[in-house]
Amino acid sequence: MDSFTAHTGRAVPLRRSNVDTDQIIPAVWLKQVSRTGFEKGLFSAWREDPDFVLNQPAYQGASILVSGPDFGTGSSREHAVWALQQYGFRVVIAARFGDIFRNNSTKMGLLPVVLPAATVEALQSAVEADPALEVTVDLGERRVRWGAESAGFEIDDYTRWRLMEGLDDIGLTLRNADAVAAYENGRQPWLPTTV
Amino acid sequence: MGRTLAEKVWEQHVVRRAEGEPDLLYIDLHLIHEVTSPQAFDGLRMAGRTVRRPDLTIATEDHNVPTLLGPITDPVSKTQVETLRKNCAEFGVRLHPMGDAGQGVVHIIGPQFGLTQPGMTIVCGDSHTSTHGAFGGIAFGIGTSEVEHVLATQTLPAYRPKTMAIEVSGELPVGVTAKDLILAIIAKIGTGGGQGHIVEYRGEAIRRLSMEGRMTICNMSIEAGARAGMIAPDETTFAYLKGRPHAPAGAQWDAAVAYWKSLVTDDDAVFDTVVEIDASTLTPFVTWGTNPGQGAPLGAAVPVPEETDDPAAARRALEYMGLAPGTPLREVEVDTVFVGSCTNGRLEDLRAAAEVLRGRRVVTRTLIVPGSMLVKLQAEQEGLHEVFKAAGAEWREAGCSMCLGMNPDTLAPGERSASTSNRNFEGRQGKGGRTHLVSPAVAAATAVTGKLTAPADLA
């Protein structure tokens, strides 16, 4: 996983609530067995509309997505995270996220930032007024800054550390292989196996 | 202070707990399918890792499979299924491929084999893993990175979610099903209402449900945003499990049941959030919009967006759905009816649909898709397939089918369905398709009239 410390870029406002992962990447795109090429499927149905915000020239190259509440609900498909990253997003800001999407994001180094709904709307309005506005998301300081404004956000220390160091979860867990083996020795004898 | 059911099961599975870190949780059963696993197996290969516990892992083919007999014709789908076969062979994972008697939708086969038991932790790269919580375990969906993590370590690092009680008092009226109840719950608390929580469904109406009904309820926990849904095990649970291929037997059965009986929320336990709902006031429930929280009683009308909690979302949804505010839901005309999926593809669901269709004819395209090959076999032993065929419905092979547009069963742009699946998202059943979520009984009655209909409306 790439490490994430701070990122500065332009932002794109997505004024929709309940952006489920079927919208982020429709199921037809999930048939690939590789981890690449998902950017083509990002919001593929919505991008057919020339007025859709990602199609507007002013927002080309933006790397921070600022969405309405309940972003990434529904399906567990991590392909949604891959599609956002491969399209060029490093950060998604919303008032609420689907739990699985948020989890998947932090495994891949896409930063989900939770801000109050009113703050998200203020940021969306600022970016609509000036699409060239630079937005900085500082994970070290847990703060988003734009223009003269700024807002703090919460993220637990452990996830923040892992993101800033770009650490692989599996490697961290394998350091505790002895504890896993010890646990396995005490499992209840009736628990099923698949063999 | 006492503990909730969720806390008891969680604590039983903590491998390691350290200050400032998520718990390391042991996973008792890992279910695999072809869509979310290929990149995880690739990751193992690249790192030179193996599957730690292939004996706690089981795979099936479901999302891509056609439900008409014959091979997969889409080359991309075919590659994905073949990749699963290669991975399972290489890493020693039991697989139920297309055509196998044990094949079926991943969340149907676990319970059917008796692999899903009370008190277990169960994960799968699929959000509807919450289904398995119906047996009193903690079961939740994960992404591909976590699939790889579980394959490599049989554990997951996770913070314990908050706990929510959904107390369902009273008794469901005749003709009102588990599906109607969960749709009503989601409409009440919203698609984000359960975020960060494990929900325990409790109360008289829940206790009266069959295991099939409980699975329907827990299945859709994710549509309310919950991390997992669960129901305390009881005699209904034990009766369902006894004698299944992977259920304990003999002395182990007695020991297991004794333990399972302790898996109840203590009287003095405190939930972080409590929601109450009276089952006796419910009627058949359907969705009108493009998320599962946008639902209403069948007897209601399409809402006026300005009178909803989120007018902008409601306006967008009605535009997509091609519905005018104020239209009675019973007047909404449907092109296709789908009965199946991990939500409603079990034998009880097929029986409910057959009861309505017996001696009647459908006027819509009607797909009846058993959730597994075993469900198909059992339904045919009861003659249900003859009822469906006589009514003019299509009787298919097992698979995810029209729940999601990954296999040949899809809606055309603008086509409208009444579907027993779990998601009415834009394009979920095919690009431009319009989905109304319903119970199997409402689906069948709708197939008879061509409009959203409850069985009680039929003459």
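Just so it is clear, the model here is predicted, and its values are computed rather than measured.

Calculation criteria
Residues numbered from 1 in each chain as written. Chains lettered and ligands numbered in written order. Predicted model: local features only at pLDDT ≥ 70, side-chain atom pairs only at ≥ 80, totals over all residues. Heavy atoms only, no water. Axes fitted to C-alpha atoms, helices over the stretch in contact; angles between N-to-C directions. Helix = DSSP H or I, 4+ residues; strand = E, 2+ residues; numbered from the N terminus. Parallel < 35°, antiparallel > 145°, perpendicular 65-115°, else oblique. Left-handed = near helix turned anticlockwise from the far one by under 90°. Contact = heavy atoms within 4.5 Å. Buried < 20%, exposed > 50% of the residue type's maximum accessible area, 1.4 Å probe, protein only. Polar contact = N/O pair within 3.5 Å; in protein donor to acceptor, adjacent residues only side chain to side chain. Buried area = accessible area lost by both parts, 1.4 Å probe. Salt bridge = Lys/Arg side-chain N within 4 Å of Asp/Glu carboxyl O.

A. Main features of the packing of helix α2 (residues 79-87) of chain A against helix α3 (residues 99-108) of chain A. Residue and element names in this part refer to chain A. Relative to each other, α2 and α3 sit at 50°, their axes nearing to 9 Å. For the element pair α2 / α3, the angle class is oblique. Seen from above, α2 lies across α3 with right-handed handedness. Along the contact surface, α2 presents Ala80, Val81, Trp82, Leu84 and Gln85, while α3 presents Phe101, Asn104, Ser105 and Met108.

B. Examining the environment of B:Ser77 more closely. By the element assignment, B:Ser77 lies in helix α3 (residues 75-91). Given the relative accessible area of 1%, B:Ser77 is considered buried. Expressed as a C-alpha distance, the spacing of B:Ser77 and B:Asp266, which sit 189 residues apart in the sequence, is 48 Å. In this structure the side chain of B:Ser77 is engaged in a polar contact, spanning 3.2 Å, whose partner is the side chain of A:Lys31. Only 2.7 Å separates the side chain of B:Ser77 from the side chain of B:Asn64, close enough to count as a polar contact.

C. Representation of the interface of chain A and chain B in the model. Each partner contributes residues to the interface: chain A has 59 residues there, and chain B has 79 residues. Counting the surface lost from both chain A and chain B, the interface buries some 5500 Å², and carbon and sulfur atoms represent 53% of this. Seen at the junction of chain A and chain B, the total is nine salt bridges. In this structure, A:Asp22 engages B:Arg428 in a salt bridge whose closest nitrogen and oxygen atoms are separated by 2.9 Å.

D. Just the pattern of salt bridges, in detail. Under the criterion given, the structure shown has 44 salt bridges over all chains. Residues A:Asp169 and A:Arg162 are paired through a salt bridge, measuring 3.5 Å at the closest nitrogen-oxygen approach. For the pair A:Asp169 and A:Arg162, a shared accessibility class is recorded, and that class is buried. Two residues, B:Arg351 and B:Glu382, come together in a salt bridge whose shortest N-O distance is 2.5 Å. Taken as a pair, B:Arg351 in helix α13 (residues 347-357) and B:Glu382 in the loop between α14 (373-381) and α15 (384-391) lie far apart in primary sequence, 31 residues in all. Using a relative accessible area of 38% as the deciding quantity, one classes B:Glu382 as partly exposed. Each of A:Lys107, A:Arg162, A:Asp169 and B:Glu146 takes part in salt bridges that share partners, so that together they form one network.

So, to be careful, I would describe these as geometric facts and stop short of saying anything about function.
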